[in-house]
Amino acid sequence: MHQLQRGAEIADPLAPYLTVDRTQPRHECWVTGHMVAGIDGTAAIDGRVGSLSTAPDQELFRRMRQIADIVLVGAETVRREGYSPVRLSAAAQQARRQLGQSAVPAVAVVSRSLEFDWSAKVFSAAPPTARTLVITCEAADPGRRAEAEKHATVVVAGEERVDPAAALQALADLGHRVVLCEGGPRWLGELVAADRLDELCLSLSPLMGGDPLPVSVAPPGAPLAGFDLLQVMAEDHTLFLRYERQAR
Ligand SMILES: NC(=O)c1ccc[n+]([C@@H]2O[C@H](COP(=O)([O-])OP(=O)(O)OC[C@H]3O[C@@H](n4cnc5c(N)ncnc54)[C@H](OP(=O)(O)O)[C@@H]3O)[C@@H](O)[C@H]2O)c1
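Everything numeric here is computed off the predicted structure, so don't read it as measured data.

## What to know about the pattern of salt bridges
Where charged atoms from two side chains of opposite charge come close, those side chains can pair. Taken as a whole and judged by the stated rule, the model has 19 salt bridges. Glu 9 is paired through a salt bridge with Arg 6; the nearest N and O atoms lie 3.4 Å apart. Judged by relative accessible area, which is 68%, Glu 9 ranks as exposed. Since its relative accessible area comes to 77%, Arg 6 is described here as exposed. Here Glu 81 ties to Arg 48 by a salt bridge, and the two come within 3.2 Å at their closest N and O atoms. Separated by 33 residues along the polypeptide, Glu 81 in helix 3 (residues 75-81) and Arg 48 in the loop between strand 1 (30-38) and helix 2 (55-64) bring together distant segments of the chain. Bridged by salt links that share partners, the residues Arg 22, Glu 199, Arg 242 and Glu 244 form one connected network.

Dropping the structure here:
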């Protein structure tokens, strides 16, 4: 064990995340999870992330989307958090264009029920260059699927449920190589169980006592997954931890 010493100031909080090499994924795409937890591991307070996220975490959350070819998220998070299309600063958009990426990443939502308010901004306000995707499965209701196709690009990946590997393969086939998963815990848990999580950027907020919902909910029988802690940063009392999946 050793103590961590206070290091150099980081001028740009995104800088440590921009330099990560995400060009060699273990599977279809490189999948980065970005989550915030209380120090007791809670992932929500009264069903929302809101007051769990400190000011420096909120800034990093907005800015992290710059690294993504696509932002992947579970349906319940979209419903509860009132998702909107991704917005980035002019400088971030310019930096992306220079790397051959679209100006902003699209959002992809995973759902079997397809129970959405299709007038919600995440669908109705998405630019044509970053139309929102809905990733669903064969078992989805055909009527709801037809409705979804009016408001989003629908991708079918799996029979009874969305299969994480098939979903990521579909995203890779569409040219999305860096996938930023913003949760929620149930969908993240499925990605971990399928061994598809390459990197986890975890913000630890200095509070306890939220909902009994951990940042990742493992489906029954899922194996353990080990991670290496590669970066530790702090601002005020928020810790920023960056993990990568252990090499086997
Ligand atoms: N702390 C954080 O960083 C963070 C991040 C995100 C969210 N949250 C919080 O987490 C809560 C929501 O998370 P959650 O875990 O309950 O939900 P979630 O993971 O966001 O979404 C679960 C939903 O996604 C769909 N889904 C997941 N796996 C699927 C599969 N294999 N096949 C088909 N559909 C699948 C289903 O949608 P359908 O029901 O439509 O079929 C399922 O009900 C909220 O309180 C939110 O505030 C916290």
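On we go.
## Structural notes on the pairing of strand 4 (residues 133-136)
Neither face of strand 4 is left uncovered, since the one carrying Leu 133 and Ile 135 and the one carrying Val 134 and Thr 136 both have all their residues buried. Sheet topology note: the strand 3 (residues 106-110)/strand 4 ladder contains 3 bridges and is parallel. Bridge pairing links Ala 108 to Leu 133 in strand 4. In terms of strand pairing, strand 4 meets strand 5 (residues 153-156) through 4 bridges, oriented parallel. Each bridged residue has a counterpart across the sheet, and for Val 134 the counterpart in strand 5 is Val 154. Handedness of the β-α-β unit built from strand 4, helix 6 (residues 142-151) and strand 5 comes out right-handed.

## Observations regarding the site of the ligand
Residues in contact with the ligand amount to 27 residues; listed here are only the nearest, Val 36, Thr 77, Glu 81, Ser 111 and Ser 113. At 3.3 Å, a backbone N or O of Pro 185 approaches an oxygen atom of the ligand. Contacts to the ligand include Glu 190, whose side-chain N or O atom sits 3.0 Å from a nitrogen atom. Considered on its own, the ligand offers 920 Å² of accessible surface; in the complex 89% of this is hidden by protein. Of all the secondary structure elements, the ones that give two or more residues to the shell around the ligand are strand 1, helix 3 and helix 8 (185-193). For the shell around the ligand, the element with the highest residue contribution is helix 3, accounting for 6 residues. Residues of the shell around the ligand, tallied by class, amount to 11 nonpolar, 6 polar and 10 charged.

About the cut-offs
Residues numbered from 1 in each chain as written. Predicted model: local features only at pLDDT ≥ 70, side-chain atom pairs only at ≥ 80, totals over all residues. Heavy atoms only, no water. Salt bridge = Lys/Arg side-chain N within 4 Å of Asp/Glu carboxyl O. Buried < 20%, exposed > 50% of the residue type's maximum accessible area, 1.4 Å probe, protein only. Helix = DSSP H or I, 4+ residues; strand = E, 2+ residues; numbered from the N terminus. Pairing = 2+ DSSP bridges. Right-handed = clockwise from strand over helix to strand, strands pointing away. Near = heavy atom within 4 Å. Polar contact = N/O pair within 3.5 Å; in protein donor to acceptor, adjacent residues only side chain to side chain. Areas by Shrake-Rupley, 256 points an atom, 1.4 Å probe, with all protein chains shown as cover. Nonpolar A, V, L, I, M, F, W, Y, C, P; charged D, E, K, R; others polar.

Any functional reading would require information beyond the geometric quantities listed.
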